Amino acid sequence: YGNFIDDLRLYVRGGTGGMGYPRLGGEGGRGGDVWFVARERTTLKSIKERYPQKRFVAGTGANSSVKALKGEKGKDCEVHVPPGISVLSDDGTQIGELNAAGERFLAARGGLGGSLATNFVPCKGQRRIVHLDLKLIADVGLVGFPNAGKSSLLSKISQAKPEIANYAFTTVQPELGKIMYADYKQVVADLPGLIEGAHANKGMGHKFLKHIERTKQLLLVVDISGSQLSIKTRFRTAFETILLLTKELELYKEELVTKPALLAINKMDLPCAKDNLTELMKQLQNPQDFLHLLQEEIIPANTLEFKDIIPVSTYTGEGIEELKAHIRKFIDEEAEQENEEYRKKKLLLLQTSEEGQMNR
């Protein structure tokens, strides 16, 4: 992402209306509007660099005159923004979103021109402070605690080169990698950092959890030997870690737990990994039988259902190709499902229009 920016605060103001013409009852033109338009190859960073003042004001409406009693509308102001944007008011309320290139959002409406209704005095345009909040739309989001090997895994399955450190800390900024397949199909993988307590905005919790919201599927990465974030925190087995990750997602937003998920069990090259895997598979098949052994605060209301569980080792390369194949299989299945739904909608529209013509 480079110098990554995922939130930008802007001032937007619609244009003021034009003056009316009382003697002849002329109406001034309406002020121009400020529009956000989603456009590919645009970033929040490029907006900030191009418009350092971060102020967007639309044109003023033309005054009414003897030559033109109806004044012309003021010039609209269009701001190109990246797709995958939520538009928030200054108090954090979502007022709109732009998910695909070409979509438009009216950010500030222009004021009415002077007319009989306004005693021929023009109105000012709408003005407000808005936040552009970027939530990346990636195919797969890697989820896991520090030292589970997420960065190593991302570098193995994609072209990303994240900084990999040998300490119990989390990725400082999100990393994005493209997984290339033999038929040139590309799948985008997003790696946000996550620590225990992320739902409560510890570390950079919310900033990274929101990236997971717009991924099509989750890929949980867990160390087979378990994890311990620091000397002060308790050791968690791989099974506990999976539950705790689920809990973090659930506490942030319940819908995240309903996303399709894969589980990559990493570090299978370690001694005792095979025995630990046998135990973990037993626990995952009947999680309810083991929940009574755990602390109540780490047990999620709903456990994640994994489409596939793939043991991997980023050190030896074991399971990496299989994992890539599973990611691709799901993406293809989802695309086929979307196509099928689109075909059904088109067919329904066609049938409805035919029935309407027959009834005439």
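Remember, it's a predicted structure, so these values are computed and weren't measured experimentally. (Residues numbered from 1 in each chain as written. Predicted model: local features only at pLDDT ≥ 70, side-chain atom pairs only at ≥ 80, totals over all residues. Heavy atoms only, no water.)

Thoughts on the nonpolar core
Within the largest apolar cluster, 32 residues are counted, with the highest numbers of intra-cluster contacts made by Leu220, Phe239, Ile242, Leu249, Leu263 and Leu280. Of all the secondary structure elements, the ones that give two or more residues to this core are helix H3 (205-213), strand E12 (217-223), helix H4 (238-252), strand E13 (261-266) and helix H5 (273-285). The biggest single contributor to this core is H4, with seven residues. Among all residues touching Leu280, those that are not within four sequence positions of it are Ile224, Ala238, Phe239, Ile242 and Ile265. Residues Val12, Ile85, Val87 and Leu132 belong to the second largest nonpolar core, which totals 22 residues. (Core = buried A, V, L, I, M, F, W, Y, C linked by side-chain atoms within 4.5 Å. Buried < 20%, exposed > 50% of the residue type's maximum accessible area, 1.4 Å probe, protein only. Helix = DSSP H or I, 4+ residues; strand = E, 2+ residues; numbered from the N terminus. Contact = heavy atoms within 4.5 Å.)

Re a nonpolar patch on the surface
Residues Leu24, Val66 and Leu69 make up a contiguous nonpolar surface patch of about 260 Å² in total accessible area. Here Val66 shows up in the loop between strand E3 (55-57) and strand E4 (77-81). Val66 gets classed as exposed once you look at its relative accessible area, which sits at 58%. (Patch = residues over 30% accessible without salt bridge, like charges linked within 9 Å, V, L, I, M, F, W, Y side chains within 5 Å. Areas by Shrake-Rupley, 256 points an atom, 1.4 Å probe, with all protein chains shown as cover. Salt bridge = Lys/Arg side-chain N within 4 Å of Asp/Glu carboxyl O.)

Focus on the pairing of E4
Taking every second residue as pointing to the same face, the buried face of E4 carries Cys77, Val79 and Val81, while none of Glu78 and His80 on the other face is buried. Pairing geometry for strand E2 (residues 34-38) and E4, over five bridges, is parallel. Across the sheet, Ala38 pairs through a bridge with Val81, a residue of E4. (Pairing = 2+ DSSP bridges.)

Some words on H5
The end-to-end C-alpha distance of H5 is 18 Å, a good match for the 18 Å that 13 residues give at a rise of 1.5 Å each. All of the buried residues along H5 are Ala273, Leu277, Leu280, Gln283 and Leu284. Along the long axis of H5, the arc covered by the buried residues comes to 125 degrees, so they all point the same way. The exposed set on the far side of H5, more than 90 degrees from its buried face, consists of Lys274, Asp275, Thr278 and Gln285. In this structure, the buried residues of H5 make contact with H4, E13 and strand E14 (306-311). (Expected span 1.5 Å × (residues − 1). Arc of directions from axis to C-beta.)

Some details on the side chain of Asn266
Considering the arrangement of structural elements, one finds Asn266 in strand E13. A polar side-chain atom of Asn266 sits 3.5 Å from the main-chain amide nitrogen of Thr314. What Asn266 contacts, discounting residues up to four positions off in sequence, is Ala148, Gly149, Val221, Val222, Asp223, Ile224, Val312, Ser313 and Thr314. (Polar contact = N/O pair within 3.5 Å; in protein donor to acceptor, adjacent residues only side chain to side chain.)

Regarding the sheet that holds strand E8 (residues 127-134)
Taken together, five strands build an open sheet; the order of strands is E3-E1-E8-E5-E6 and the sheet is mixed. Each having just a single partner strand, E3 and strand E6 (94-98) make up the two edges of the open sheet. When strand polarity is set aside, the average angle formed by the axes of neighbouring strands in this sheet is 25 degrees. Bridge count between strand E1 (residues 7-13) and E8: seven bridges; the pairing is antiparallel. Residue pairing for E8: Arg9 is matched across the bridge by His131. (Axes fitted to C-alpha atoms, helices over the stretch in contact; angles between N-to-C directions.)

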